Amino acid sequence: MSGLAISTTGLVHIYRAHGHDVAALSGIGISVRPGELVGLLGPSGAGKSTLLQLCGGLLTPSAGRLRIGEHKVETMTEAELDRMRAGDVGIVLQGAGRNLIPYLNPIDNIRYAQRAAPGDRVLPKPAEILELVGLAAQAQSPLTALTPGQIQLCAVAVGIATFPGLLLADEPTSQLDHQARDEVLAAIRKINAETGMTVLLITHDPEVAATLPRTITIRDGRIAAEGRSGEEYAVVASDGSLPLPPHVAELLPAGTLVQVTTTEDGVHITPVPQEEAE
Amino acid sequence: MFLRQALRYRWSQALVLAGISLLIGTCAVFGPWFARAVQQTVVTETLHGQRLSAAWQLETRPVRNLSDEPPKPEQLQPLIPADLAPLFTKPVLGIHSDVSWTGTEDPIVSRLLWRDGVCDQVVIVAGRCPAAANEVLASTVDQSTWGIEPGQTIRGIGEGAAQPGVLKVVGQYRPKDGTADYWFGRPPTGRSHPPTDKSPGETDLLLTARPTFAGDLWSQHTTLDTRPLPGVVRLDDLDRLESATTASQGKAIELGADNTSALPGVIDQIRHERAQAATIIPLVMVQVALFGLVVLALALAVVVDQRRPELAVARLRGSTARRTSKTLTVELGLPVLIGTLLGAPLGFALLLIVRSTWLRHGAPIELPWSVPVALVAVAVVALGVVVLQVRGVVRLQIATLLRRVAPSRRRAIGVIDLCIIVFAVAGLLSAVGGSNRGPLPVLAPALLALAAGLTFAHLLLPLAGLISRRALRRGRLSLALGTLQISRRPAVTRIVAAVAVAASLVAFAGQAASVGEHNRESRAGYETGAEGVLKVEASYVARFMHGINEVDRDRRWLTPVLITRPPSPDALQTVMIEPDSFRTIAYRGDQLTDLDGFRDLSAPSVEPIEFSTRQLTVTASTGPIEKVAPEVPAGATPPVEQPPAKSIRLTAYVVDLRTGARNVVTFPPLPLGKPPTVLRAPLDCRDGCRLLRLGVSRELGDQGGLRGDVHIEKLSADDQPALKLGRPEDWRPMQEPGSNQDRIAAKPGAGLTLAVTSFGAEQVLQYATAPAVVPALIAPDYRWDPSATTPAFDGTPIALTKLDRLGGPINRFPLHSAVIDLETGRRIGGTVDEASTQFELWLNAEGVAKADSIIAKLRAEGLSAQLIDQRTDRIASYGRSASALALQLTPVVGIAGWALAIVVLLLTVVTSWRSRAQDYASLRITGVPAATTGRAARWEQTGPVALAVLLGSMCGVVGAQIALPLIPLFADAGGPIPLELEVNWPVAVLLWAVSTAVLAAVTLLLGTGVNRRAGFARIREELT
Amino acid sequence: MIAVDGVSVRYGAVTAVESVTLAVPAGRVLAVSGPSGAGKSSLLWAIAGAVAPAAGQVAVDGVQIGSRAVAAAHGVVLIPQGNGLARVLTARENLVVPLIAERTPDLDTVVTQALTQVGLAESGDHLVEELSGGEQQRVAVARGLAQRGRVVLADESTSELDGANRELVLALLRAEADRGAAVVIATHDPTVAETADAHALLDEGRLSWLRPF
């Protein structure tokens, strides 16, 4: 199966905490092409995990549209979402252990993850998957015998147990040392390259982010920036608003009036001194 | 698919689930099984204990016409239906005839008896067993009374027989065991008496051989005795037995016979006990099973909760909620199902143990239909619990499942808990409020504890929060940490509720068992009268008293009790006791009445007037005599004018010291207004007599009214020229019915002066050795009125005055009894009517132990006695009643309660120890001392658990107070012996202490374990 | 002043730290880095007295550290990896309890100040389990700060933090040093290590490279 595209328009998610409605995402519009490898960046609490869970059908959007391939996620029933996860979307949750059945070895964990796949789907062999992530040697080892890096690899393997069109991975490299981190990243790249699976992964590690072909930074529930191969760009939203990078935002506190002018070499933003504005 | 791995990974949890289910299954199976077995045992025990009532005793009436062929006992046998014959003992056939001796002055009667194999049932002390016609064995007692010895002959004539016959004595026997089944209540009496004592004279049984009855010399009653076999007759036979009994009674009449069996009444009683067993036992077990189900539900909730991450993974990989729940249901349902089903063999094993101990093999091994039904029902319910618990969690949203900690539900004060509290209180009220004596009250303690425990648990959380905040402010760390753990871990409410219910079950079990036992013991004591009762065959009170004085003059082991029964069952019977020895020997004898009561009861200590003589001589005169006319009520017809009074007659009532006979001596008439006259009357008092009363009567037909004094100057006997007649105030007039205008009184003067007003009726003064009106303790069931009387030995009425000092039920004879002093009874005297008088010796424990030697000594004194009743027998018999057997289960309930409470504790620890240990480790790494966290770890559970045990124990005790009056402790509700349902505090305190110790030990151990595992390495665990 | 002299830490047959000798003067910050399993945590735990060295010894201000109790009494504060908070307590209680054990005067002020420093003044009454991973980590840091140790050992205390909060925590640790504490930061983040006054690199338990003070 080839990769699935992701496309969102005005995606909003609101949850209730301590008696208040909190908007985790307030109008996200992104578009990911099939087979892309995209990193989600942003400070904690920005809404990265929420976006990931929405894509996996673990949460339902409060408003807006969300398309995963052909799936119109916001309209799907629980059963349809189950079916989507059973075949088309693989999820690797933060904390490798949470993705695994503790009493099963890696190969059985993969078999476990394959159980719910639709009957018409041709499933990859579990050994093949372990080979892909580089865990073939540990196929029968109990999980307790694996290193943290191997456990994370196993979690990734389980996430792709059905060769879904989309892999969602939440902080797959946190709490790993550099060597393990690089192995996991390499495995994910390999999966992306060899199967054409679309990958959306969350990271807060700038080093990891720098190696990704595309990154999307989310701040305060909105898209703050996009990166292309390590280079950061601001993104103009569908309503024409433009979130400023943090170091610019510091210079232009909220409420600052700016003059936006177009010149030959681009668009200039010039703050208007306060006295002048009055 | 991965079931095997899953089960192996959490094998201990599976084991716990299977264990709880095993308990549930066992209870479900054991309840109906045990109930059925108890019912069977009740049949066995009742038939065993009421042998005589249950027996069929067929007896023909003698044929009128001797030329008719008398029926043979074999002819009665067809009255037992062939299909029921195996249920009966081998019938004992018999023929007997009452023979009047011929050639004696006074009438003498003997019963001539043949019974199948009778010689084996007596001890032949001389001669041989009769073999030919008209040979007899005579009793040893008849040797002393009549001098009957082997070789002699007895001439007599049978009832309605034409000619007398001759019986040849070929041997002598001594009764062996009159209570043996063989006799069916009609053993040799062991007594005989000559007609001089009482007419007619009687011998004991004359045992003969069957050929004696072959001719028509002796008219005959034929008898057939049999009884249903205990242990063979089963529940299902009862209906047939009952109808066969009724049918046989009808058929017997056609044969000219009677079947006097009381079997239908016995069967009725069995049915009554059955009903008790069928309600109490299943209910008790249902209680445990229900508690088990609740614990199973708690355990499952915890277990399922622990599987949230795995459920999340399954759902994450696209498993539908349905499929996920199916997988988990199988994983958890399997151990539950296996455990429940294993309850069947375990329940059966338990039944076998109980059957051979409590039930004494009184029940057959069978499989009542209710057992598999209960097992299937409980298995279905247990699986239902699994399904419900699994569904509740699996239905959660994945995002919720993914959260490590369940969203805090502390604020939503458990609606379910609230419902449980409301239901428990409602159930409690209906259990208490309903006047039914049915099964519901058994639930009262558990319901009470559930309501109280949950309420307490919900109060505990905020309370612990409060304490923790105060403790934190004051820097008391251990207390603060412990209470914080309590207030933040709502699981403690489950623990507290479960522990409270368990402690309550234990406390209730203790109360029910101990109070039940106490009542069985006290009831057995009151019913027996003392530790044991000897029935003594005696004809003379004096000989009886002499005999027992020879055996035990100091009354260390026994107290005599004599009972005389009135002809009418509604009238009072006399229970004569010896107050001093009764107090120490009888069961709770000192509580019959207080010291004043016993003193009032005792015979007055007045020197009796005793003499030996062949005649009595009185020297008497009258003072001035005036003529009086009877007072006539206004409007009534005046009586016919009577001629003037002619004379008066003095009478003396003397009691024969040997026979007790009360003889009246009537002196010749005493002329009026003459100088002192000497009057003589013959009297046979060679063995000594005692003057009881003096009377004034008149010659026949002399009814003219007179009033004046009669001076008795001297009363002399052969051995005493002048009897001391005592003070005038020692002579009290006796009220005679109908003598409403006649008066007599003793007054001061020389000798004894009697002031008399007479219209012809006899006036009597009784000497103060016996009160004219006897003080008596009257059974409370009797509607007292001052005219009530009670029979003396000879049946003559004794006037009574009621002592309002009865302290408790009257031992052995709680109904329709008047307790008077035995010595008073003796002084009043009267020839003993053997048919209505019973001689008993009540024994204390030591006396029972020495019963054999006492019986032997009595025999040496010529008194045959046998132990007819023992308190321990009655206790044992009550112990095998349906109610007792049912209540015997309550300790099982208690132990199950403890076990389940410990399971709950273990569960919470198993599921929470890791996070608690991590918490404590986190604190310890910041420098909080291990001792502090240790104290907190130990007491965070021990504190609430100890409080819960206290609360539960109190609920159990209170619940017992509510429930016990409603639980039938005995088959016959009410009864004359009041129940003693006071709290048994020693048992309550002991069980509370044991419950606290057991559960606190568990929590302390667990707490210590948690703290020991709170090493620093625990913090690292969090990383994986 | 921390003096680590030839310390080895072993767990059974596994050697976590092998003959490490280090010294951290008061007022300075040492970063210890290296891959997972290099022995960073074990070294910190040995300094904190939470694990007994198999060889060598640790001294704080000349006092030999024999146990966690001795270390705690001499102001050795450990901010463990994975934060090591008591989950059943609130953030504030997590700070308060150790201070009570130390009999710190004027507790409320100290606690409030520490929570404010990490930006969690508002969240003090939340149960730890209600806080996010980053917030929990900051609570752990605040707990360390509130204890005002002479030695502060921070084990991966920035691993779950975003950039701004990482800067904040590093600044706070620096402030601890400025107050006069000897600070050791274990991290696998090279950028964090660069901010320290000295940098030690551990590899398989051995000190493989050292940028001295």
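What counts, and where the lines are drawn
- Residues numbered from 1 in each chain as written.
- Chains lettered and ligands numbered in written order.
- Predicted model: local features only at pLDDT ≥ 70, side-chain atom pairs only at ≥ 80, totals over all residues.
- Heavy atoms only, no water.
- UniProt positions renumbered as here; feature names shortened; annotations may be inferred.
- Helix = DSSP H or I, 4+ residues; strand = E, 2+ residues; numbered from the N terminus.
- Rg over C-alpha atoms; globule rule 2.2 N^0.38 Å.
- Buried < 20%, exposed > 50% of the residue type's maximum accessible area, 1.4 Å probe, protein only.
- Contact = heavy atoms within 4.5 Å.
- Buried area = accessible area lost by both parts, 1.4 Å probe.
- Salt bridge = Lys/Arg side-chain N within 4 Å of Asp/Glu carboxyl O.
- Polar contact = N/O pair within 3.5 Å; in protein donor to acceptor, adjacent residues only side chain to side chain.
- Nonpolar A, V, L, I, M, F, W, Y, C, P; charged D, E, K, R; others polar.
- Core = buried A, V, L, I, M, F, W, Y, C linked by side-chain atoms within 4.5 Å.
- Domains from an automatic or database assignment.
- Patch = residues over 30% accessible without salt bridge, like charges linked within 9 Å, V, L, I, M, F, W, Y side chains within 5 Å.
- Areas by Shrake-Rupley, 256 points an atom, 1.4 Å probe, with all protein chains shown as cover.
- Phe/Tyr/Trp six-rings, centres within 6.5 Å; stacked < 30°, edge-to-face > 60°.
- Lys NZ or Arg CZ within 6 Å of the ring centre and 35° of its normal.
- Pairing = 2+ DSSP bridges.
- Axes fitted to C-alpha atoms, helices over the stretch in contact; angles between N-to-C directions.
- Disulfide = S-S within 2.5 Å.

An unreviewed UniProt entry annotates chain C as ATP-binding cassette domain-containing protein originating from Kribbella sandramycini.

Chain B appears in an unreviewed UniProt entry as ABC transporter permease from Kribbella sandramycini. In UniProt, chain B has this text filed under Sequence similarities (unreviewed entry): "Belongs to the ABC-4 integral membrane protein family."

So, on to the overall build of chain C. What chain C contains, in helices and strands, is seven helices and ten strands. In terms of overall dimensions, chain C is globule-like: its C-alpha atoms have a radius of gyration of 16 Å, near the 17 Å expected for 213 residues. Overall, the C-alpha framework of chain C stretches about 45 × 35 × 35 Å when taken along its three principal axes. The burial tally for chain C puts 58% of its 213 residues in the buried class. For chain C, long-range pairs separated by at least 24 residues make up 65% of all intrachain contacts whose partners lie at least 6 apart in sequence.

Another point: the interface of chain B and chain A. Taken together, the contacts link 23 residues of chain B with 25 residues of chain A. In total, about 2,300 Å² of surface goes out of reach between chain B and chain A, with carbon and sulfur atoms giving 59% of it. Interface area lost by chain B to chain A is led by B:Phe2, B:Leu316 and B:Arg317, which between them contribute 30%. Linking chain B with chain A are two salt bridges. Joining chain B to chain A, the criterion identifies six residue pairs in polar contact (both at pLDDT 80 or more). Sort the elements by how many residues they give to the side of chain B that touches chain A and helix α7 (residues 308-316) of chain B lands first, with five residues. Considering only residue class, the side of chain B that touches chain A consists of twelve nonpolar, five polar and six charged.

Another point: the interface of chain B and chain C. Interface size is commonly expressed as the accessible area that is lost once the parts come together. Counting from both sides, the interface comprises 25 residues of chain B and, opposite them, 30 residues of chain C. Taken together, the two surfaces of chain B and chain C that pack against each other cover about 2,400 Å², and 66% of this comes from carbon and sulfur. Across the salt bridge formed by B:Arg488 and C:Glu93, the nearest N and O atoms sit 2.8 Å from each other. Our count for the contact surface shared by chain B and chain C stands at eight residue pairs in polar contact (both at pLDDT 80 or more). Looking at the side of chain B that touches chain C, the elements with two or more residues in it are α13 (477-488), α22 (882-925) and α25 (1017-1021) of chain B.

Let us now look at the UniProt feature "domain: ABC3 transporter permease C-terminal" (unreviewed entry) in chain B. Under the UniProt annotation, the feature "domain: ABC3 transporter permease C-terminal" (unreviewed entry) is placed at residues 284-393 of chain B. Here residues 284-393 of chain B runs as 84% helix and 0% strand, with 33 Å between its end C-alpha atoms.

Attention shifts here to the nonpolar core. Counting 279 residues, the largest nonpolar core has B:Phe34 and C:Leu153 as the members making the most contacts within it. Sort the elements by how many residues they give to this core and helix α6 (residues 263-306) of chain B lands first, with 21 residues. Summarising the domain contributions, this core has at least three residues from each of domain 1 (1-52 + 286-407) and domain 2 (55-260) of chain B. Non-local contacts of C:Leu153, meaning those with residues more than four positions away in its chain, are made with C:Ile2, C:Leu44, C:Ile47, C:Ala48, C:Val76, C:Val77, C:Leu78, C:Ile79 and C:Val184.

The next subject is a nonpolar patch on the surface. All names here are of chain A. On the surface, Val236, Leu242, Val258, Val260, Val267 and Ile269 cluster together into a nonpolar patch covering about 500 Å² of accessible area. Elements supplying a minimum of two residues to the nonpolar patch: β13 (258-263) and β14 (266-271). Leu242 sits in the partly exposed class, given a relative accessible area of 37%.

Attention shifts here to the packing of aromatic side chains. Residues and elements named next belong to chain B. Scanning the model with the defined rule gives 14 aromatic pairs over all chains in all. Taking the centre distance of 5.2 Å and the plane angle of 15° together, the rings of Phe30 and Phe34 count as stacked. Remark: Phe34 and Phe30 occur in helix α2 (residues 11-49); sequence separation between them is four residues, near one turn of the helix. Ring plane angle 85° and centroid distance 5.1 Å describe the contact between Tyr182 and Trp183, whose orientation is recorded as edge-to-face. Linked through ring pairs, Phe30, Phe34 and Trp358 together constitute an aromatic cluster. Across from the ring centre of Tyr182, 5.3 Å away, lies the NZ or CZ of Arg115, which sits over that ring. Between the NZ or CZ atom of Arg523 and the centre of the ring of Phe970, over which it lies, the distance is 4.0 Å.

This brings us to the sheet that holds strand β3 (residues 29-33) of chain C. All names here are of chain C. Taken in spatial order, the six strands make up an open sheet running β6-β7-β8-β3-β9-β10, and their pairing is mixed. Single-partner strands in this sheet number two, and they are β6 (76-79) and β10 (206-211). Direction aside, the axes of adjacent strands within the sheet are offset by 20° on average. Strand direction decides the pairing type here: strand β9 (residues 198-203) and β10, joined by five bridges, are antiparallel. Residue pairing across strands places His199 opposite Arg211, the latter belonging to β10. Most of the contacts of helix α6 (residues 163-179) go to strand β8 (residues 182-187), to which it runs at about 150°, and overall it touches β3, β7 (151-155) and β8.

Residues and elements named next belong to chain C. Counting buried residues along β8, six of its six residues qualify, which places the element largely inside the surrounding structure. What you see with β8 is no split at all: Ala182, Val184 and Ala186 on one side and Val183, Ile185 and Thr187 on the other are buried throughout. With five bridges connecting them, β3 and β8 associate as parallel partners. When the sheet's bridge partners are listed, Ala31 is paired in β8 with Ile185.

All right, on to unusual backbone geometry then. All names here are of chain B. A positive phi angle is found at Asn134, which is not glycine, with a value near 65°. Secondary-structure assignment places Asn134 in the loop between β4 (122-127) and β5 (135-139). Positioned with a positive phi, Phe184 is a non-glycine residue whose angle comes to about 50°. Mapped onto the elements, Phe184 comes out in the loop between β7 (165-175) and β8 (201-202).

Here we take up the state of the cysteines. Residue and element names in this part refer to chain B. Counted by the stated rule, this structure contains two disulfides over all chains. Residue Cys119 pairs covalently with Cys129 via a disulfide, S to S 1.9 Å. Across the S-S bond of Cys119 and Cys129 the torsion is about 85°, and the bridge reads as right-handed. Taken together, the residues span a long stretch of sequence, with Cys119 in the loop between β3 (108-115) and β4 and Cys129 in the loop between β4 and β5 at a distance of ten residues. Here Cys129 falls in the partly exposed class, since its relative accessible area comes to 30%. There is a disulfide in this structure between Cys685 and Cys689, and the S-S distance comes to 1.7 Å.

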